[in-house]
Amino acid sequence: MAYQFRTNPFAHQRAEFEEHGRDHARGLWWEQGTGKTKPVIDEAAELYEAGEIDGLMVVAPNGVHRNWASDELPVHMPERVLKKTRCHIWYSTDTKRHQESFLETLNHPGLAVLVMSYNAVWTNRGRDAWKAFLKKRRCVYVLDECQRIKNPSAKWSKRIIGSNVGAPYLRELSGTPIANNPFDAYNILKFLDPDVWKKYGITTFAAFKQYFGVWETWQTRDGRNYPKCIAYRNLNLLQREMARLGSRVTKDEVLDLPPKLYSKRYHEPTAEQRRIYRELQNECVAELESGDLTAMLAIVRLLRFQQLVCGYLPESDDNPVLRDLPGGNPRITLLSEICEDLSHKAIIWARFQRDIDLICQALGDSCVFVDGRVAGEARGAALDAFQKGDKQFLVANPAAIATGVTLHAARTVIYYSNSFSLELRLQSEDRAHRIGQLHPVQYIDIVCPGTVDEKIVDALRKKVDIASQITGDSLKDWI
């Protein structure tokens, strides 16, 4: 019986599935927003039904790995396979329940799925779970955003490339496999074919750089010599190996994509964020029970939860001075990773001034910003620097950019934090998606799971005006 898709594939997805679905090793180096996850899920489902595999192992950056479990598998995996599937998201926690869930997945009689981050692979517990899963299950083994292993000296690169743990099917996904220079291809292709470079007499990364680069000895101001690559060579061989092991798809080539493409990227809260979140929940419940929580106060409380997942809080209700929370800011880290993988222009929408400051600090000279602090000529200059100039990122508050502003230089729109206004959300989406835009636009919402983020994003995508829905009595449902 021919494989029956749960969601209809686009033409390029169907072609990949039909022509390469049973290849041992395959790289889908498709531009962001062209749908490279779906073919892999369909391939895994088809191989499972054929009795070829009983496992799907996904290693991805933080936030992306959870997306497989929460957004991709439930949408694209056929129901007949999904009901036989058990998925475990690997966390750094060492709780008894987490370990039990992993073992239940490892020994699941149907299709077992393990998703984990690159960082987790480097930890001892993560390494042991990763190796045990690949050893016990016959897997489609996926490296999502595989450019994470491009650096041979990176800790997870050494572990992944250096492992002898095999899998019958290997897949790599990336929109930017070779973002900086051809040397990035060394590990990326070596994962798919360990012997790929041996045919050229190349056995080390140093030899690879010599083969594909032209080097000269340069000298620093203090007289020290160092090698500098002045040109690349043998690139036709590199292109041939890339074409043999994978395919490249860009949005320009895909004519049947929808005009708007939505996705989410997840990050886990820090331990301190979890602790404070529980405290705020308890305080809100007490206010609800006392009858003191008005609709206006409920909106203020919801704002506090938003600020919390963004990494900071006011000192108190009476003191608006913001303090950053200890333990780092995983939201900024995730945004930086997303931006690092983009080769085109993007808009980053953020609700709070503090968010905009943190984002600009992280992105540096590659961005300009527009909010209530930027007006007149400075505002116009910032928009022109993005729309017509060399600035890759525009960081802005949706309320600060009125209707009618065209920002179709952007092909990706990221929502770092959302307001409660449906009108602002729709208007901000249309800044990039308007006449003059020649590409489908990718919309990414950054989400902290298990928090107000999820409900806010879901409500806005369902075109619900959140501000009109929040009352004192309903706050418990939002938090």
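Residues numbered from 1 in each chain as written. Predicted model: local features only at pLDDT ≥ 70, side-chain atom pairs only at ≥ 80, totals over all residues. Heavy atoms only, no water.

Novice: Break down the sheet that holds strand S17 (residues 441-447) for me, citing the residues and quoting the values.
Specialist: Here we have six strands laid out as an open sheet, ordered S10-S17-S16-S13-S15-S14, and parallel in their pairing. Here the strands that pair on one side only, and so sit at the sheet edges, are strand S10 (260-266) and strand S14 (367-370). Going across the sheet, the axis of each strand differs from the next one's by a mean of 20 degrees, ignoring polarity. Of the pairings in the sheet, the one linking S14 to strand S15 (residues 393-396) comprises four bridges and is parallel in character. Each bridged residue has a counterpart across the sheet, and for Cys367 the counterpart in S15 is Phe393. Set on the sheet, helix H17 (residues 422-430) makes contact with S10, strand S13 (345-349), strand S16 (410-415) and S17; between it and S10 the angle comes to about 115 degrees. (Pairing = 2+ DSSP bridges. Helix = DSSP H or I, 4+ residues; strand = E, 2+ residues; numbered from the N terminus. Axes fitted to C-alpha atoms, helices over the stretch in contact; angles between N-to-C directions. Contact = heavy atoms within 4.5 Å.)

Novice: Describe the environment of Cys146, with residues and values.
Specialist: One can find Cys146 in the loop between strand S5 (139-144) and helix H8 (155-162). On the basis of relative accessible area, Cys146 is assigned to the buried category, the value being 0%. Put simply, Cys146 and Gly175 are 29 residues apart on the chain and 9.1 Å apart in space, counted from C-alpha to C-alpha. Dropping the residues within four chain positions of it, Cys146 is found in contact with Trp29, Tyr118, Glu172, Leu173, Ser174 and Ile188. (Buried < 20%, exposed > 50% of the residue type's maximum accessible area, 1.4 Å probe, protein only.)

Novice: Describe the pattern of salt bridges, and please don't skip the residues or the numbers.
Specialist: A full pass over the atoms with the stated rule returns 37 salt bridges. The residue Glu31 makes a salt bridge to Arg411 at a minimum N-O spacing of 2.8 Å. Pair noted here: Glu31 is in the loop between strand S1 (25-30) and helix H2 (37-49) and Arg411 is in strand S16, with a separation of 380 residues, a long-range link. Exposure remark for Arg411: the relative accessible area of 13% places this residue in the buried category. In this structure, the salt-bridge partner of Glu100 is Arg97, at a minimum N-O distance of 3.6 Å. With Glu100 and Arg97 both in helix H5 (residues 96-106), this residue pair falls three residues apart, about one helical turn. What makes Glu100 partly exposed here is its relative accessible area of 33%. By sharing partners, the salt bridges in this structure join Lys260, Arg425, Glu429, Asp430, Asp445 and Arg461 into a single network. (Salt bridge = Lys/Arg side-chain N within 4 Å of Asp/Glu carboxyl O.)

Novice: How would you explain the sheet that holds strand S3 (residues 85-89) if you had to name every residue and give the values?
Specialist: As summarised here, the arrangement of the seven strands in space is S3-S4-S2-S5-S6-S1-S9, forming an open sheet in which the pairing is parallel. Each of the sheet's edge strands pairs with one partner strand only, and the pair in question is S3 and strand S9 (246-249). Pairs of neighbouring strands in the sheet enclose a mean axial angle of 15 degrees, with direction left out of account. In this sheet, strand S6 (residues 169-173) lies alongside S1 in parallel orientation, the contact comprising four bridges. Along S6, the bridge assignment pairs Ala25 with Leu170. The strands that H5 touches are S3 and strand S4 (111-117); relative to S3, the one it contacts most, it runs at about 145 degrees. Here helix H11 (residues 235-245) sits on the sheet and contacts S1 and S9; the angle it forms with S1, its principal contact strand, is near 105 degrees.

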